[in-house]
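# A structural walkthrough
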Amino acid sequence: MAQNLLKYVNPNVGTAHSRWFFYTPAAVPYGMAKLAPSTNGHYGNAQGWEAVGYDTRQNSIEGFVHFHEWQIGGVSFMPTNGLLKVKPGDLDTPGSGYRSHFDRKNEVAEPGYYKVLLDDYGITAELTATKRVGFHRYTFPANDQSHIILDIGNVQGESGPVTDAGIHMTDATHFQGFVNTHPKYVSQYDPNGKVLMFFYGELSKNPLNVGSFTAKAIQQNSTEAKGKGAGLFLNYKTAAGEKIEIKVGLSYTSEANAKLNLETEAADLTFDRAKAAAQKTWEQELSKLTVQGNDDTSKIKFYTGLYHVLLGRGVASDVNGDYPKHEGQIGHMPVSPSGKTYNFINTDAIWGGYWDITQLWALSYPDTYEDFIHTQLQVEHDKGWFGDGIANSEYVSGVGTNFVGLTIAAAYQAGVRDYDIKTAYQAVRANELGWKGRKPGSGKMDVKPFTEYGYVPFLEGDGRNFVTDSTGSDFSASHTLEYSFSAFAAAQMAKDLGKTGDYKKLLKLSNGWRYLYNPANKLIQPKKADGTFIGKFDPYAPWRGYQEGNAMQYTFYVPQNPQALIMAQGKKYFNDNLEDIFEKSEKDGFGGGKTIDAFAGITSIYNHGNEPSLHISWLFNFSGMPWLTQKWTRAICDEFYGIEPIHGYGYGQDEDQGQMGGWYVMTALGIFDVKGFTDAKPIVELSSPIFDRATIVLGNNKKLIIEAKNNSKANLYIQSVMLNGKPINNCWLYRYELMKGGKMVFVMGSKPNKAWGTKVPPPSVQ
């Protein structure tokens, strides 16, 4: 009998210092409609990316918001009663607006459903969703002055300023409108861009009357509002226990498509049926990976991590295939070679996602991988370059290094190929080598010097101004390492397609890291254009040569050729040093300790709280000591990850859109690839599986069972491995062997078997 996996998902994990798109319980996987309570969303955030929306340390709710994506937020509703208020009010000033206190004992958050009692009003609010439609159900007490506030013209989360908005009643029970915003990263990377949101709503009960408001004034008996601060208030007389429901169709292209999305997905759906369907969808998607064992804490970490991967990027195209094109235009998604129409999706950068998200997509969710690829190919077709991050086709670069080319090259190697290969390769090649006419929002603005010098020369800046141009970068060392990796991925694709000249050029660039390796300190150190290493070098200092990290962390960033780094340092030094790093790091929780900040760990010796470090614990497999990969991956799973609102992914560190959770999922299964499947013949490295048994529905519809015998917290070391009855004597295997399915059996023990997995290290093929 199938187990109920939803009980192991706790959306409240890690909700201290969580990003705008992190906490959206009322949603389906990759939904456009992502409904969530907001404790502080109207405050926005100064730098455009910091934690905002729902914070577990705050105890009042200011509304229930529909749109939650990277750089996208808007359309907040709030049920109230008593004296009419049309502003959300201040967190620390009780009674200053329509916000309400709540007690978390009266809060339910599950995949696809959210419920809370608003103490100030005695109103119970419930939320659920289909892919493009949000559902509200408000249960009111008896009151002659009940209201529903439709607040659409104000900042929400990462939205940036609202430049225009409008809402109007189309009849007694229907309303529609739009919000136009200018997020910080759009203004920075795509100045002519804008992010539009549209909605069409249906009420289950006629209001007694309707009024409107803007930033300037309130107007009674008015059914429309325009401009900044726009909104409507719906007035009701409610009986005790009376329920009022709202369905809201959403779209990024037009009000007409918002209505079409509602009519197509939810015309006949009640709230309860929508909730049941949402939770059934979650159960189906989560159950592609089922784990068994007595450790419920690890199951909560596992399924909450998988939930965040599947919540991740949100569909931006409508049911008819329309998608938001640059500057408010409307495009239509073309048909793929197999005849499918894929979704256009909004996405944060895929930075680090090749160490967890894309590996999970390739393993069991290839259609989502295809959505990502078709989105990027469409953006490249429309605008000339891949986007790093994308908000409605606008470039929202974020980290600015653009791993889209690597992501597509890896998909190609993993057999995810339902797109025009020739077109895809040309775009991948341009991403690695192209610089003429390159747009800042596409990232990699220092490709020209990288291709000329073989490394990115260092520019002295303050590290926080993102100084990257055609002469170099203040993040020169981390950019060199990252471009070297993505050049390797593109090289392998070029070779497979018979592009010999490109292959040789890209392969040479993949060794760019060697220019920056300093044998005197055995670290990667930034270099100036004249070929000299920078002075006043502090290996623990972030932002000077390294983005969101330091030399201690980034020196290990040679995933395309770990063996070469090990040889450069010397195997004994490499192993002794790396073990020392983990022993020291463990004392600091493998990150920034208990500091609640996304960047808490960037000065640390190792930082699991950010992407650049995520492969490091797996490198012992390459250095002849696989038992240390087993030891430290287990320790990170047990200690860095938690199941509390504050101790979730570290302590309030930067989960982004599923990276941290995805790493746990892959590692808990005992499978991972440092190279992110970019090899011409991709491999999978092995480590200590956490669960007694895992059943994986592979993307090719075959099943893989991973069994761990004699498994326990103490028995974390691999003694032997069998795949379909044949011994696996290496700490790795080719991915195609895994994808055949069948049964892989690990025998575990309390002491390392130093004879297993050491004879043939994973290949570092060049």
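Below you will find a few notes about this structure. It should be emphasised that the depicted structure is a prediction, and the values quoted were computed from it without experimental measurement.

Scoring rules and cut-offs
Each chain has its residues counted from 1, running along the sequence as written. Under the rules for a predicted model, residues below a pLDDT of 70 receive no local features and side-chain atom pairs below 80 are neither given nor counted, while totals for whole chains, interfaces and linings still include all residues. As a rule here, side-chain values cover all heavy atoms of the structure and leave hydrogens and water aside. Comment: elements are numbered from the N terminus, with helices defined as DSSP H or I runs of at least four residues and strands as E runs of at least two. Only C-alpha atoms enter the radius of gyration; for comparison, a globular chain is expected to reach 2.2 Å times N to the power 0.38, where N is the number of residues. Exposure categories follow from relative accessible area, calculated using a 1.4 Å probe and restricted to protein chains: below 20% of the type maximum is buried, above 50% is exposed, and the middle band is partly exposed. Contact criterion: two residues are considered in contact whenever any of their non-hydrogen atoms come within 4.5 Å of each other. Methods summary: accessible areas were calculated by the Shrake-Rupley approach with a probe of 1.4 Å, and residue burial reflects only the protein chains presented. The charge count includes Lys and Arg as positive and Asp and Glu as negative, but it does not include His or the ends of the chains. Each charge is placed at NZ for Lys, CZ for Arg, CG for Asp and CD for Glu. Here a strand pair is declared whenever DSSP counts at least two bridges between the two strands. Lining residues are those with an atom within 4 Å of a point, where the points come from a 1 Å grid over the protein atoms alone and group into cavities, where a 1.4 Å probe fits but cannot get out, or pockets, open sets with protein on both sides within 12 Å along at least five of seven lines. Grid points are joined across faces, edges and corners, and a volume is the space filled by probe spheres set on the points. Throughout, the ten residues Ala, Val, Leu, Ile, Met, Phe, Trp, Tyr, Cys and Pro are labelled nonpolar, Asp, Glu, Lys and Arg are labelled charged, and all others, Gly among them, are labelled polar. Two aromatic rings, drawn from Phe, Tyr or Trp (for Trp, its six-membered ring), form a pair once their centres lie within 6.5 Å of each other, and the interplanar angle then sorts them: stacked below 30 degrees, edge-to-face above 60, tilted otherwise. Placement of a positive charge over a ring is assigned whenever Lys NZ or Arg CZ falls within 6 Å of the ring centre and within 35 degrees of the normal to the ring plane. Put simply, a salt bridge is a Lys or Arg side-chain nitrogen that is within 4 Å of an Asp or Glu carboxyl oxygen. Expected helix span is given by 1.5 Å per residue-to-residue step, counting one fewer step than there are residues. The term polar contact refers here to a pair of N or O atoms within 3.5 Å; inside protein, the definition further demands a hydrogen-donor-capable atom paired with an acceptor-capable atom, and it admits residues adjacent in sequence only when both atoms are side-chain atoms. Residues belong to one nonpolar core when they are buried, are Ala, Val, Leu, Ile, Met, Phe, Trp, Tyr or Cys, and are joined through side-chain atoms within 4.5 Å. Lines fitted to C-alpha atoms define the axes, with helix axes restricted to the stretch in contact, and inter-axis angles between N-to-C directions lie between 0 and 180 degrees. Our angle categories are set so that under 35 degrees counts as roughly parallel, over 145 as roughly antiparallel, 65 to 115 as roughly perpendicular, and the remainder as oblique. We call a crossing left-handed when the near helix sits turned anticlockwise from the far one by less than a right angle, and right-handed when that turn is clockwise.

### What about the overall build of the chain?
Helix and strand counts for the chain come out as 18 helices and 39 strands. Relative to the compact-globule value of 27 Å for 766 residues, the chain shows a C-alpha radius of gyration of 26 Å, a close match. Overall size of the chain, expressed as C-alpha extent along the three principal axes, is 80 × 55 × 50 Å. Across the 766 residues of the chain, 66% fall into the buried class. Taking all contacts inside the chain whose residues are at least 6 apart in sequence as the whole, residues at least 24 apart take part in 70%. Within the structure as shown, the chain displays about 24,800 Å² of accessible surface, and the carbon and sulfur contribution to it stands at 50%. Computing the positive centroid from 74 side-chain charges and the negative centroid from 78, the chain places the two 6 Å apart.

### Observations regarding the sheet that holds strand S33 (residues 683-686)
With respect to topology, three strands assemble into an open sheet ordered S32-S33-S38, the strand pairing being antiparallel. For this open sheet the edge positions go to strand S32 (671-672) and strand S38 (732-734), each flanked by a neighbour on one side alone. Summarising the sheet, S33 and S38 pair through three bridges and their orientation is antiparallel. Bridge pairing in S38 links glutamate 685 to tryptophan 732.

### Focus on the layout of surface pockets
Taken as a whole, the largest pocket encloses approximately 460 Å³ of empty space. Lining the largest pocket are 24 residues, and of these Trp49, Tyr185, Gly398, Phe466 and Glu548 lie nearest its centre. Sorting elements by how many residues they give to the lining of the largest pocket places helix H1 (residues 184-189) first, with three residues. For the lining of the largest pocket, the per-class residue count stands at nine nonpolar, seven polar and eight charged. Lining the second largest pocket are 19 residues, and of these Lys131, Glu285, Asp367, Thr368 and Asp371 lie nearest its centre. Listing elements by their share of the lining of the second largest pocket, those giving two or more residues are helix H3 (271-286) and helix H6 (366-383). Looking at the lining of the second largest pocket element by element, the count peaks at four residues for H6.

### Here's the deal with the packing of aromatic side chains
A ring pair, where both rings are aromatic, is described by two values, the distance of the centres and the angle of the planes. Tallied over the full model, the rule gives 43 aromatic pairs. The interplanar angle of 90 degrees and the centroid separation of 6.4 Å between the aromatic rings of tyrosine 138 and phenylalanine 140 together place this pair among those described as edge-to-face. Of the two residues examined, tyrosine 138 and phenylalanine 140, each falls in the buried class. Taking the centre distance of 5.5 Å and the plane angle of 75 degrees together, the rings of phenylalanine 450 and tyrosine 483 count as edge-to-face. You can see phenylalanine 450 sitting in helix H9 (residues 447-453) and its partner tyrosine 483 sitting in helix H10 (residues 476-496), a full 33 residues away along the chain. Taken together, Tyr354, Trp355, Phe403, Phe485, Tyr546, Tyr554 and Tyr557 form an aromatic cluster joined through their ring pairs. Here the guanidinium or amino end of arginine 417 rests over the ring plane of tyrosine 412, the centre of that ring lying 3.7 Å away.

### Focus: the pattern of salt bridges
Under the criterion given, the structure shown has 28 salt bridges. Measuring nitrogen to oxygen at the nearest pair gives 3.1 Å for the salt bridge that ties lysine 448 to glutamate 452. One end of the pair, lysine 448, and the other, glutamate 452, are both in helix H9, four residues apart, so they sit about a helical turn from each other. On the basis of relative accessible area, lysine 448 is assigned to the partly exposed category, the value being 22%. Three or more residues joined by partner-sharing salt bridges are found here, namely Arg19, Glu158, Asp348 and Asp656.

### Describing helix H8 (residues 421-433)
The end-to-end C-alpha distance of H8, which contains 13 residues, comes to 18 Å, matching closely the 18 Å that a straight helix rising 1.5 Å per residue would cover. Within the span of H8, buried status applies to Ala424, Tyr425, Ala427, Val428, Asn431, Glu432 and Leu433. Those residues of H8 that are buried lie in contact with H6, helix H7 (404-413), H9, H10 and helix H11 (500-509).

### Quick word on the side chain of threonine 80
Here threonine 80 is to be found in strand S4 (residues 72-81). Take threonine 80: its relative accessible area is 2%, and that puts it in the buried class. Leave out the neighbours within four places in its chain, and threonine 80 touches Tyr98, Tyr121, Ile123, Phe140, Gln145, Ser146, His147 and Ile149.

### Digging into helix H4 (residues 296-311)
Helical periodicity: at 3.6 residues per turn, an α-helix aligns residues three or four positions apart in one direction. Counted at 1.5 Å a residue, the expected span for H4 with its 16 residues is 22 Å, and the 22 Å between its end C-alpha atoms agrees. Most of H4 sits out of view: 14 of its 16 residues are buried. Put simply, aspartate 295 is the residue that caps the front of H4, since its side-chain oxygen is 3.2 Å from the backbone nitrogen of threonine 297.

### A few points about the nonpolar core
Core analysis: the largest hydrophobic core is formed by 222 residues, its most contacted members being Phe64, Phe302, Leu669 and Ile671. No other element matches H10, which puts eleven residues into this core. Counting ten residues, the second largest nonpolar core, distinct from the first, contains Tyr113, Val133, Phe135 and Ala274.

### A word on the environment of proline 25
Position of proline 25 among the secondary structure elements: in the segment before strand S1 (36-38). Considering only alpha carbons, one finds proline 25 and valine 108, 83 residues apart in sequence, at a separation of 9.4 Å. If we ignore the near neighbours within four places in the chain, the residues touching proline 25 are Pro11, Leu35, Ala36, Pro37, Ala109, Glu110, Pro111, Gly112, Tyr113, Tyr114 and Tyr307.

### With respect to the pairing of strand S17 (residues 231-238)
Summarising burial for S17: seven of the eight residues are buried, a large majority. Judged from the five bridges that link them, strand S14 (residues 209-213) and S17 form a sheet pairing that is antiparallel. Directly across from glycine 211, in S17, lies its bridge partner phenylalanine 233.

### Overview of the pairing of strand S10 (residues 143-151)
As paired elements, S4 and S10 share six bridges and run antiparallel to each other. Note that in S10 the partner of methionine 78 across the bridge is isoleucine 149. As judged from the seven bridges shared by S10 and S17, these two strands associate in the antiparallel manner. For asparagine 143, the partnering residue across the bridge sits in S17 and is threonine 238.

### Regarding unusual backbone geometry
At histidine 17, a position not held by glycine, the phi torsion is positive, near 55 degrees. In this structure, histidine 17 sits in the segment before S1. Positioned with a positive phi, serine 393 is a non-glycine residue whose angle comes to about 75 degrees. Looking at the secondary structure, you find serine 393 in the loop between strand S24 (390-391) and strand S25 (394-395). A residue is classified by how much of its surface remains accessible, and serine 393, at 3% relative accessible area, is buried.

### Regarding the sheet that holds S17
Overall, antiparallel pairing links the seven strands, which are arranged S1-S3-S4-S10-S17-S14-S15 in an open sheet. A strand with exactly one partner marks an edge of an open sheet, and here the two such strands are S1 and strand S15 (218-219). Direction of pairing for S14 relative to S15: antiparallel, over a ladder of two bridges. Counted as the bridge partner of serine 212 is glutamine 219 from S15.

### Observations regarding the packing of helix H16 (residues 626-639) against helix H17 (residues 659-669)
Two elements in contact, H16 and H17, have axes separated by 10 Å at closest approach and are oriented at 130 degrees. It follows that H16 is oblique to H17 by the angle criterion. In the packing of H16 onto H17, the handedness of the crossing is left-handed. The residues of H17 that touch H16, namely those facing Thr633, Ile636 and Cys637, are Trp663, Tyr664 and Thr667. For the contact of H16 with H17, a count of residues per class yields four nonpolar, two polar and no charged.

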